Amino acid sequence: MDDFEVSVAIRNGCQVVSVGGDLDGDTALRLDSVLDRLAEAMPVIVDLAGVVMVTSAGVQALLRERVFGRPALFCPDGNVARVLAIVQAQRLVPIYRDLDAALKGLGATA
Amino acid sequence: VHPHPETTPLLQLRLQARPESALLLRQRLYLWLDELGANDEEIFDVSLASTEAFANAVEHPDQPTTDLVHINGSISDGMVAVTICDSGSWREHREREQGGYGFPLMRHHMDTVEVHSEPEGTTITMQRQLAS
């Protein structure tokens, strides 16, 4: 019934996790299972461009420490970016507004 | 245009106290708020705050007497009020408020947030003034 989606692709030496739909307490478990399967050795960026709604449970899933550390976030301006700003997510993880710039920056440090 | 009191639409929902019910809550809120003329940001804010309140109603009650959560929405002079009631008492809601992002997000997105806890149930009442 929900239209939540999560998929992984490798781009520029980064693991890009694309999320779409509503990231809430219910669907965050599906993001958890994907993030917990990722390789340790390659940078991870979560692409939030397709996310419509993010709740506190979704934020916790995004900011949780994994085997690779915490993922970087790509989030264009909008409602989701406002939520990330309110919880001061930028104190814990880098947040990019431009995916290509993020990939260049993260890939270069790999 | 000031809506006539008798025609002001109310929202009344009873949802199963399960995390997956939050999606239905947001879908119903969207339709209701859209009908009231709320803009996209207001719809997002009220939906997010209501989802957080609903998550509390699902997670916190001790020995709930029913597994239903009651949601009521009303509007008066452009002020949207949403109440979310569960049927159990919260052990330490003040303690819970200090952890996590739920209450900070509710307070940020709404003008007022009040928690009223009684042995037979807990009610969260939130208000938000619409711009239009």
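As a reminder, the structure under discussion sits directly above these lines.
So, a few notes on the structure that sits alongside this text. Since the model is a prediction, treat every value here as computed from it, not as a measurement.

Observations regarding the sheet that holds strand β4 (residues 72-74) of chain A
Residue and element names in this part refer to chain A.
Phase 1 of the analysis: Here we have five strands laid out as an open sheet, ordered β1-β2-β3-β4-β5, and mixed in their pairing. Of all the strands in the sheet, the pair left with one neighbour each is β1 (5-11) and β5 (95-96).
Phase 2 of the analysis: Bridging between strand β3 (residues 44-54) and β4 involves three bridges; their strand directions are parallel. Across the sheet, Ile-45 pairs through a bridge with Ala-72, a residue of β4.
Phase 3 of the analysis: Helix α2 (residues 56-63) contacts β2 (14-23), β3 and β4 of the sheet and is inclined by roughly 175° relative to β3.

Here we look at the interface of chain A and chain B
One widely used convention gives an interface's size as the accessible area the parts lose upon coming together.
Phase 1 of the analysis: Every contact between the two is made by 20 residues of chain A and, on the other side, 20 residues of chain B.
Phase 2 of the analysis: Interface area for chain A against chain B, summed over the two sides, is near 1,600 Å², with a carbon-plus-sulfur share of 67%.
Phase 3 of the analysis: Among the residues chain A hides against chain B, the three largest losses belong to Met53(A), Arg82(A) and Ile86(A). Together they make up 30% of the total.
Phase 4 of the analysis: Our enumeration of links across chain A and chain B arrives at four salt bridges.
Phase 5 of the analysis: Notably, a salt bridge pairs Glu41(B) with Arg82(A), separated by 3.9 Å at the nearest N-O pair.
Phase 6 of the analysis: Counting across the chain A and chain B interface gives four residue pairs in polar contact (both at pLDDT 80 or more).

Points about the packing of helix α1 (residues 28-35) of chain A against α2(A)
All names here are of chain A.
Phase 1 of the analysis: Where α1 contacts α2, the axes come no closer than 9 Å and their chain directions differ by 5°. The angle between the axes of α1 and α2 places the two elements in the roughly parallel class. Here Ala-28, Leu-31, Asp-32 and Leu-35 of α1 come into contact with α2, specifically with Ala-57, Gly-58, Ala-61 and Leu-62.
Phase 2 of the analysis: Considered class by class, the residues forming the contact of α1 with α2 number six nonpolar, one polar and one charged.

Concerning the sheet that holds strand β1 (residues 11-16) of chain B
For sheets, the rule is that strands pair by backbone hydrogen bonds, running either parallel or antiparallel.
Residues and elements named next belong to chain B.
Phase 1 of the analysis: One open sheet holds the five strands; their spatial order is β1-β3-β4-β7-β6, and the pairing between them is antiparallel. Edge positions in the sheet fall to β1 and β6 (112-118), since each has one partner strand and no second. For this sheet, the mean inter-axis angle between neighbouring strands, taken without regard to orientation, is 15°.
Phase 2 of the analysis: Pairing analysis gives seven bridges linking strand β3 (residues 68-76) to strand β4 (residues 79-86), with the strands arranged antiparallel. Opposite His-70, over in β4, you have Cys-85 as the bridge partner.
Phase 3 of the analysis: Relative to strand β7 (residues 121-129), helix α2 (residues 40-59) is tilted by about 170°, and along the sheet it contacts β1, β3, β4 and β7.

Thoughts on the pattern of salt bridges
Phase 1 of the analysis: Enumeration over the complete set of coordinates arrives at 12 salt bridges over all chains.
Phase 2 of the analysis: Here Asp22(A) makes a salt bridge to Arg26(B), at a shortest N to O gap of 3.0 Å. With Asp22(A) in strand β2 and Arg26(B) in helix α1 (residues 21-36), this pair bridges two chains.
Phase 3 of the analysis: Under the relative-accessibility criterion, Arg26(B) is labelled buried at 6%.
Phase 4 of the analysis: Asp77(A) is the salt-bridge partner of Arg97(A), the closest N and O atoms lying 2.5 Å from each other.

Notes on unusual backbone geometry
Phase 1 of the analysis: Within the chain, Asn12(A) stands out as a residue other than glycine whose phi angle is a positive 50°.
Phase 2 of the analysis: Of note, Asn12(A) is situated in the loop between β1 and β2.
Phase 3 of the analysis: One non-glycine residue, Asp77(B), lies in the positive phi region at around 50°.
Phase 4 of the analysis: Mapped onto the fold, Asp77(B) is located in the loop between β3 and β4.
Phase 5 of the analysis: Relative accessible area serves as the criterion here: at 57%, Asp77(B) is assigned to the exposed category.

Considering helix α4 (residues 102-109) of chain B
Phase 1 of the analysis: For α4(B), the full list of buried residues reads Gly102(B), Phe103(B), Leu105(B), Met106(B) and His109(B). Viewed end-on, α4(B) has its buried residues packed into an arc of 160°, placing them on one side of the element.

What counts and how
- Residues numbered from 1 in each chain as written.
- Chains lettered and ligands numbered in written order.
- Predicted model: local features only at pLDDT ≥ 70, side-chain atom pairs only at ≥ 80, totals over all residues.
- Heavy atoms only, no water.
- Pairing = 2+ DSSP bridges.
- Helix = DSSP H or I, 4+ residues; strand = E, 2+ residues; numbered from the N terminus.
- Contact = heavy atoms within 4.5 Å.
- Axes fitted to C-alpha atoms, helices over the stretch in contact; angles between N-to-C directions.
- Buried area = accessible area lost by both parts, 1.4 Å probe.
- Salt bridge = Lys/Arg side-chain N within 4 Å of Asp/Glu carboxyl O.
- Polar contact = N/O pair within 3.5 Å; in protein donor to acceptor, adjacent residues only side chain to side chain.
- Parallel < 35°, antiparallel > 145°, perpendicular 65-115°, else oblique.
- Nonpolar A, V, L, I, M, F, W, Y, C, P; charged D, E, K, R; others polar.
- Buried < 20%, exposed > 50% of the residue type's maximum accessible area, 1.4 Å probe, protein only.
- Arc of directions from axis to C-beta.

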